[in-house]
Amino acid sequence: MSEANQITVAIIGGTGLNTMSGVRVVEEHVVETEFGKPSSPVFELELEEVEGKPRFYFLPRHGKPHAVAPHLINYRANIAALESLGVKKILAVNAVGSIDPKLNPKDIVVPEQVIDYTHGRETSFFDGTIKPLQHFDFSDPFDASLMETIKAVSEKAGCNVIFEGAYGVTQGPRLETAAEIKRMAQDGATLVGMTLMPEAVLAREVAIPYASICLIVNPAAGVSQAIITMEEIYQAVEEGMGQVQVLLKALVAELA
């Protein structure tokens, strides 16, 4: 199990996932890619509390320590590094705001669609410079089989997960205005965050099944009358990420 090409599952995490309980760091893989350096070394982790001690990779999206802004992440290097290690499935964890008022802080949501509002990011491997231009279908941005696995595992693990909605990806690092959120709601977005794109499309381009597990940490601007504070966001992350970790460990045990 120690050989890199035997490990097939990777988790890309951001806010609240730089540490996980019940796992042991086995090795740090320093990977260079033709697109530059990923956010950090890729950590090879062992799930100590599960029979067989399955291993998986973890890549902190914002670096370790948490310092890389969403619009400055080298998404191409991150996905290329995981591909080079033989990863066959990616579970992305995203902290998001809720645009749909029925969704509340600490809810876990697996979205079905994406609306990309970002700009200036390197969004493709195949841009005609490093690699020849190619086009890829992205009608359904998340892998259906992987989403079905998440649904089955979440039910078995007793995790309440909502499977619906569209993730609107904004540039960051600032939060959105109330007018922007109103526009996004009219577009059909139910969640808002800063990190799903171009991560999801890059995974599609290299044919790695990819799905997003979102933790809601705040109502988006204008959805409630309260002012958004970072203290409340951090509290929601701290209180909700434990359930996300339960789900991730169950998924690793199932998929590894």
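My aim in this report is to walk through the structure given alongside it, one point at a time. The numbers attached to residues start from 1 for each chain and follow its sequence in the written order. Totals for whole chains, interfaces and linings use every residue, but because this is a predicted model, local features are given only for residues with pLDDT of at least 70 and side-chain atom pairs only at 80 or more, for both listing and counting. Remark: hydrogens and water are excluded; side-chain values derive from all non-hydrogen atoms of the structure.

### Some words on the packing of helix α2 (residues 144-157) against helix α5 (residues 230-255)
So the rule is basically this: Where helices are involved, their axes are fitted lines through C-alpha atoms of the stretch in contact, as for all axes, and angles between N-to-C directions lie from 0 to 180°. Comment: elements are numbered from the N terminus, with helices defined as DSSP H or I runs of at least four residues and strands as E runs of at least two. Working rule for handedness: look at the near helix, and if it is turned counterclockwise from the far one by less than a right angle, call the crossing left-handed; if clockwise, right-handed. Contacts were defined at the residue level, with two residues in contact if any of their heavy atoms lie within 4.5 Å. Residues are sorted three ways: Asp, Glu, Lys and Arg are charged, Ala, Val, Leu, Ile, Met, Phe, Trp, Tyr, Cys and Pro are nonpolar, and all the rest, Gly among them, are polar.
Their axes nearest at 9 Å, the elements α2 and α5 cross at an angle of 115 degrees. In this structure, α2 meets α5 at a crossing whose hand is right-handed. Listed contacts from α5 to L146, T149, I150, V153, S154 and A157 of α2 are L247, A250, L251, E254 and L255. The residue makeup of the contact of α2 with α5, split by class, is 8 nonpolar, 2 polar and 1 charged.

### Description of unusual backbone geometry
A cis amide bond links G172 to the next residue, P173, at an omega of 0 degrees. Topologically, P173 is positioned in the loop between β9 (166-169) and α3 (178-187). Of note, the amide linkage connecting M197 to P198 takes the cis form, showing an omega dihedral of 10 degrees. Following the sequence through the fold, P198 ends up in the loop between β10 (191-193) and α4 (199-205).

### Concerning the environment of L175
Its location among the elements puts L175 in the loop between β9 and α3. Taking the C-alpha atoms as reference, L175 lies 26 Å from F58; in sequence the two are 117 residues apart.

### With respect to the pairing of strand β1 (residues 9-13)
The following threshold applies: Burial classes: relative accessible area under 20% of the type maximum marks a residue as buried, over 50% as exposed, and values in between as partly exposed (1.4 Å probe, protein chains only). At least two bridges found by DSSP between two strands are what make those strands a pair.
In terms of burial, β1 is largely enclosed, as 5 of its 5 residues are buried. Residues V9, I11 and G13 point to one face of β1 and A10 and I12 to the other, with burial holding for every one of them. Two strands pair when backbone bridges link them, and β1 and strand β5 (residues 89-98) are joined in this way by 4 bridges, in the parallel orientation. Its bridge partner being in β5, I11 is matched across the sheet by L91.

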